[in-house]
Amino acid sequence: MSAPRNVLAVIPPHIGGRAAGAGLAALFPAGTRVTVVESANEDPAALRSAHALVTALAPVTAGHLAAAVDLELVQCASHGFDYVDLAAARERGVRVCTIASSGAEGQNVAEQTFALMLALAKRLIPAHTALVEADWAQPRLQGSLTELSGKTLGIVGLGHIGQQVARRAVAFDMTVVYAGRHRVAAETEERLGGARRLPLDELLRVSDYVTLHTPLTDATRHLLDARRLGLLKPTAFVVNTARGALIDQDALADALQQGALAGAGLDVFDPEPPTSQLRLLKAPNVVLTPHTAGVTRETLVRIALAAVRNVSEFLTGGEPRDLVG
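To keep things clear, this report deals only with the structure shown in the data block. (Residues numbered from 1 in each chain as written. Predicted model: local features only at pLDDT ≥ 70, side-chain atom pairs only at ≥ 80, totals over all residues. Heavy atoms only, no water.)

**Notes on the overall build of the protein chain**
Rule in force here: In this text, helices come from DSSP runs of H or I with a minimum length of four residues, and strands from runs of E with a minimum of two, each type numbered from the N-terminal end. It is over C-alpha atoms that the radius of gyration is taken, and the globule rule equals 2.2 Å times the number of residues to the power 0.38. Charge counting treats Lys and Arg as positive and Asp and Glu as negative, with His and both chain ends excluded. Working definition for charges: the position is that of NZ of Lys, CZ of Arg, CG of Asp or CD of Glu.
For the protein chain, the count of helices and strands is 13 helices and 13 strands. Its C-alpha atoms give the protein chain a radius of gyration of 21 Å, within 12% of the compact-globule value 20 Å for 325 residues. Summarising its shape, the C-alpha atoms of the protein chain cover approximately 75 × 50 × 35 Å along the three principal directions. Charge separation in the protein chain, taken as the distance between the mean sites of 30 positive and 32 negative side-chain charges, equals 2 Å.

In structure tokens, the structure reads:
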């Protein structure tokens, strides 16, 4: 009888902690020993003996990788992987993968993106607040209310999630442009309403809405800095449901406070949770949500199933999917 394979599942409290981890552990096949922790530092013995580590946005540092002497695979329970030290993993010969090709998060991230866009276009937050305070704000708000129809949506990163967003944009009669390292197939562009690939700076100049769906890497950190934010129309909106550090948050706060942008919808921050010092918390014309784009009941089930399948296949001799680094 072969020795059990050890999996360490690191599920921070703000993602669901031990309760969520217990549900994930129950999905693994017999013969897999799963230890659930809320931090990779919590159980040094389990870290040392782990053959695979599943992380739900919990940092995996060079120190963790050095301590995990039997580790072969880090499975990110997300599309992103910026919280794993890829250089240290490469040095140790540890593979790192995501759940990108599963599409587990695509549905809800796309829905959240449009929820933020609609909330901005229809001024839902100030409208609700005014009514609660017995203020019939229609005369004051009506000059700033807009429609999505006929507007240009710039998508930065037309991968699995970006394409889900583009499909919905077509349904809203929006024009789709996109920026990315590679052009997608002509058939895909046609299916997405004749989407056109543009250089990022040009996309920013022509878009009424810009939404980010690209991984956070050294190359994309502060992708939207003060210079690039300055290329946007003053009537444009920025939406970010990917990673907070894709935008220079202080530069965005400056643009909003100066009236250089119409508004921003953000589901992600740097760091998370944000501190009370985050200027965007008090910036005008923002809609903020606490990284909820990937945490519907349906999404969490799909994420868990995708992560468990990938790890289980790897531990039984298969090739992991969605390798990064």
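**Section: unusual backbone geometry**
So the rule is basically this: Each residue's exposure class comes from its accessible area (1.4 Å probe, protein chains only) as a fraction of the maximum for that residue type: buried when under 20%, exposed when over 50%, partly exposed otherwise.
Along the chain, Asp 270 connects to Pro 271 via a cis peptide bond; the corresponding omega equals 5°. Counting through the fold element by element, Pro 271 comes out in the loop between β11 (263-266) and β12 (286-288). Between Glu 272 and Pro 273 the backbone carries a cis peptide bond, its omega angle lying at -10°. Along the chain, Pro 273 falls in the loop between β11 and β12. For Arg 123, which is not glycine, the phi torsion reads 55° and is therefore positive. Topologically, Arg 123 is positioned in the loop between α5 (106-121) and α6 (124-132). Not every positive phi belongs to a glycine, and Asn 285 is a case in point at roughly 60°. For Asn 285, a relative accessible area of 39% corresponds to the partly exposed category.

**Describing the packing of aromatic side chains**
The condition is simple: For this analysis, a ring pair means two rings from Phe, Tyr or Trp (six-membered ring only for Trp) whose centres lie within 6.5 Å, classed as stacked if their planes differ by under 30 degrees, edge-to-face if by over 60, and tilted for the remaining angles.
For the structure shown, the criterion picks out two aromatic pairs. Measuring from centroid to centroid gives 5.0 Å for Tyr 209 and Phe 237, while their planes differ by 15°, and the two rings are stacked. Linking Tyr 209 in strand β9 (residues 209-212) with Phe 237 in strand β10 (residues 237-240), this pair joins segments that are 28 residues apart in sequence. Comparing Tyr 209 with Phe 237, the two get one shared label, buried.

**Here we look at the pairing of strand β3 (residues 52-55)**
Put simply, the rule reads: For two strands to count as paired, DSSP must find a minimum of two bridges between them. Handedness of a crossover is defined as follows: with both strands directed away from the viewer, a clockwise route from the first strand across the helix to the second makes it right-handed.
Residues Ala 52 and Val 54 of β3 are buried on one face, and the alternating residues Leu 53 and Thr 55, pointing to the opposite face, are buried as well. Summarising the sheet, strand β1 (residues 5-10) and β3 pair through four bridges and their orientation is parallel. What sits directly across from Leu 8, in β3, is Leu 53. Judged from the four bridges that link them, β3 and strand β4 (residues 73-76) form a sheet pairing that is parallel. Paired with Val 54 across the strands is Gln 75, a residue of β4. Between the parallel elements β3 and β4, the chain passes through helix α3 (residues 62-67) in a crossover that is right-handed.

Geometric descriptors of this kind do not, in isolation, establish any biological role.
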